[in-house]
Amino acid sequence: MRILGIDPGLRITGFGVIDWRDNAPHYVASGCVRSGEGELPQRLGVILDGLGEAIRAFQPTQVVVEKVFVNMNPQSTLLLGQARGAAICAAVSQGLPVAEYTALQVKQAVVGNGHAAKEQVQAMVVRLLSLPATPSADAADALACALCHVHGTQGSAAWLWAGRTLRHGRVV
């Protein structure tokens with residue numbers, strides 16, 4: 001199984017690809033799609049195209065996208081939601097299944113603390129994937145999304161997923 005994790009952002013969208021084989025995660029690739037400055041539609045197009053290229057290049061079988069959190073600024077939340085929508089469209093347009101996890105779920109699965117700092121997530125991603133260097137925060141978050149998914153679908157909770165999907169943060 002090859003999983004593409006996505007940490008959506010309007011300026012920087014992180015992506016990370018891992019393989020699950022021999023009951024262990026294996027690093028494939030990671031990086032960022034930078035949308036730059038300019039009008040919103042063009043920036044969303046850059047995200048859509050950049051993730052589409054990553055999907056074509058790495059051929060994942062599943063995609064995981066971090067859910068949007070509601071913050072103090074509704075405008076920022078709305079913009080982040082649109083970037084997230086572009087990311088989901090990139091996957092769905094290629095016929096890939098998409099799972100979604102909150103940042104709290106991702107941090108809990110990878111670090112063991114749902115309120116872990118970005119540096120802790122980066123350190124655990126390095127450790128779990130035996131990386132020679134620390135990826136950027138956005139790429140590490142995307143790899144953490146993929147790791148969260150594989151832990152949930154292949155680890156001790158695998159029985160939950162038998163014939164089920166994730167809807168509204170719940171297994172159904």
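Position numbers for residues count from 1 along each chain, tracking the sequence in the order it is written. In view of the model being predicted, local features appear only for residues whose pLDDT reaches at least 70, and side-chain atom pairs are presented and counted only at 80 or more, with totals across whole chains, interfaces and linings using the full set of residues. Hydrogens are left out, water is left out, and the side-chain values use all remaining heavy atoms of the structure.

Participant: Give a detailed account of the confidence of the model for the chain, specifying residues and quantitative values.
Facilitator: The predictor reports its confidence for every residue as pLDDT, a score running from 0 up to 100. With 87% of its residues at a pLDDT of at least 70, the chain reaches an overall mean of 88. Any two residues whose heavy atoms approach within 4.5 Å are treated as being in contact. A low-confidence stretch, residues 154-162 stays under pLDDT 50, and its non-local contacts, those more than four residues away or across chains, total 14 contacts. Taken as a whole, residues 168-172 scores under 50 in pLDDT and shows 12 contacts with residues more than four places along the chain or in a different chain.

Participant: Requested: an account of the packing of helix 1 (residues 40-58) against helix 2 (residues 74-92), with residues and values cited.
Facilitator: In contact at an axis separation of 8 Å, helix 1 and helix 2 are set at 35° when each is read in the N-to-C sense. Note that helix 1 runs across helix 2; the crossing there is right-handed. The segment helix 1 lies against helix 2, with Leu40, Leu44, Ile47, Leu48, Leu51, Gly52 and Ile55 engaging Leu79, Gln82, Ala83, Ala86, Ala87, Cys89, Ala90 and Ala91. Residues are grouped as follows: nonpolar covers Ala, Val, Leu, Ile, Met, Phe, Trp, Tyr, Cys and Pro; charged covers Asp, Glu, Lys and Arg; every other residue, Gly included, is treated as polar. Looking at the contact of helix 1 with helix 2 residue by residue, the class counts come to 13 nonpolar, 2 polar and no charged. What counts as an axis is a line fitted to C-alpha atoms, over the stretch in contact for a helix, and the angles between N-to-C directions run from 0 to 180 degrees. Put simply, DSSP H or I for four residues or longer makes a helix, DSSP E for two residues or longer makes a strand, and each gets a number counted from the N terminus. For any helix crossing, the convention is left-handed if the near helix is rotated counterclockwise from the far helix by under a right angle, and right-handed if that rotation is clockwise.

Participant: Tell me about the side chain of glutamate 66, and please be specific about residues and values.
Facilitator: Mapped onto the fold, glutamate 66 is located in strand 4 (residues 62-66). Residue exposure (1.4 Å probe, protein chains only): buried if accessible area is under 20% of the type maximum, exposed if over 50%, otherwise partly exposed. In this tally, Asp and Glu contribute negative charge and Lys and Arg positive charge; neither His nor the terminal groups of the chain are included. Criterion for a salt bridge: a side-chain nitrogen of Lys or Arg within 4 Å of a carboxyl oxygen of Asp or Glu. Of the buried charged residues, glutamate 66 lacks a salt bridge, with lysine 118 as the closest side chain of opposite charge at 6.6 Å. Excluding residues that lie within four positions of it along the chain, glutamate 66 makes contacts with Ile6, Asp7, Pro8, Arg84, Tyr101, Thr102, Ala103 and Cys145.

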